[in-house]
Amino acid sequence: MNQPLHDFYRLLRAAAAARKNAHAPYSKFRVGAALLAGNGKIYTGTNIENASYGLTLCAERVAVGKAVSDGQRNFIAIAIAAPSATPFPCGACCQVLAEFGDCIVVCADARRPRQLCVQRLAELLPRAFRLAC
Ligand code: ZN
């Protein structure tokens, strides 16, 4: 991974800052995501829960939606910040990210923010669904 480490820490700080805006009245599990796009811009997202639980949006997909709606399709890395355990993206978010290629996924436990876990998306979801047309 050729991305400088300080970029990962910068992304993680943006993800942690985004957590403050999470709408998580049910789980109280506030998650933030920060997506570095090819244009150098960081798009953040938070989880947005809903009383109808199934409609809840993950922070990662909110960040992807913001980036795509801004015309971005090339994603370099995404960082995820959560209050406790190292927050790997869920399967649905991995699939949504895989739509746009193989980015770097950066996670850290909020209690140990200097201990990064850096992986490629393809390691987390090696057999992403592809529509064969
Ligand atoms: Zn998710």
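Structure shown above.
Nothing here was measured: the structure is a model prediction, and the numbers come from that model.

A. Expanded view of the pattern of salt bridges. By the definition in use, this model includes three salt bridges. Note that Arg10 and Asp7 form a salt bridge whose closest N and O atoms lie 3.7 Å from each other. Taken together, the residues Arg10 and Asp7, both in helix 1 (residues 5-19) and three residues apart, mark about one turn of the helix. By relative accessible area, which is 10% here, Asp7 ends up buried. For Lys41, the salt bridge identified is with Asp70, shortest N-O distance 3.3 Å. Of this pair, Lys41 sits in the loop between strand 1 (32-37) and strand 2 (42-46) while Asp70 sits in the loop between helix 2 (59-69) and strand 3 (75-82), placing them 29 residues apart in sequence. Note on Asp70: relative accessible area 39%, which makes it partly exposed.

B. Main features of the coordination of the zinc ion. Coordination sphere of the zinc ion, protein contribution only: Cys58 (SG), Cys90 (SG) and Cys93 (SG), at 2.2 to 2.3 Å. Between the donor residues of the zinc ion, the gaps in sequence give the motif C-x31-C-x2-C. Of this pair, Cys58 sits in the loop between strand 2 and helix 2 while Cys93 sits in helix 3 (residues 91-98), placing them 35 residues apart in sequence. The class for Cys93 is buried, based on a relative accessible area of 1%.

C. Representation of the side chain of Gln72 in the model. By secondary structure assignment, the location of Gln72 is in the loop between helix 2 and strand 3. By relative accessible area, Gln72 is classed as buried at 15%. What Gln72 contacts, discounting residues up to four positions off in sequence, is Ala37, Gly38, Asn39, Tyr43 and Ala67.

D. Representation of the packing of aromatic side chains in the model. The final tally for this structure, using the stated rule, is two aromatic pairs. Taking the centre distance of 5.7 Å and the plane angle of 50° together, the rings of Tyr26 and Tyr53 count as tilted. A residue pair is termed long-range when its members are at least 10 positions apart, and Tyr26 in the loop between helix 1 and strand 1 and Tyr53 in the loop between strand 2 and helix 2 qualify at 27 residues. Tyr26 gets classed as partly exposed once you look at its relative accessible area, which sits at 41%.

E. Local environment of the nonpolar core. Among the nonpolar cores identified, the biggest contains 21 residues, and Leu35, Phe75, Ile78, Leu97, Cys103, Val105 and Leu121 are the most heavily contacted of them. Elements represented by at least two residues in this core include exactly strand 1, helix 2, strand 3, helix 3 and strand 4 (104-109). Aside from chain neighbours lying at most four places away, what touches Ile78 is Leu11, Ala33, Ala34, Leu35, Glu60, Leu97, Cys103, Ile104, Val105 and Val106. Residues Leu12, Ile104, Val106 and Ala108 belong to the second largest nonpolar core, which totals 13 residues.

Reading guide: rules and limits
Residues numbered from 1 in each chain as written. Predicted model: local features only at pLDDT ≥ 70, side-chain atom pairs only at ≥ 80, totals over all residues. Heavy atoms only, no water. Salt bridge = Lys/Arg side-chain N within 4 Å of Asp/Glu carboxyl O. Helix = DSSP H or I, 4+ residues; strand = E, 2+ residues; numbered from the N terminus. Buried < 20%, exposed > 50% of the residue type's maximum accessible area, 1.4 Å probe, protein only. Donors = N, O, S within 2.8 Å, 3.2 Å for Na, K, Ca; no water. Contact = heavy atoms within 4.5 Å. Phe/Tyr/Trp six-rings, centres within 6.5 Å; stacked < 30°, edge-to-face > 60°. Core = buried A, V, L, I, M, F, W, Y, C linked by side-chain atoms within 4.5 Å.

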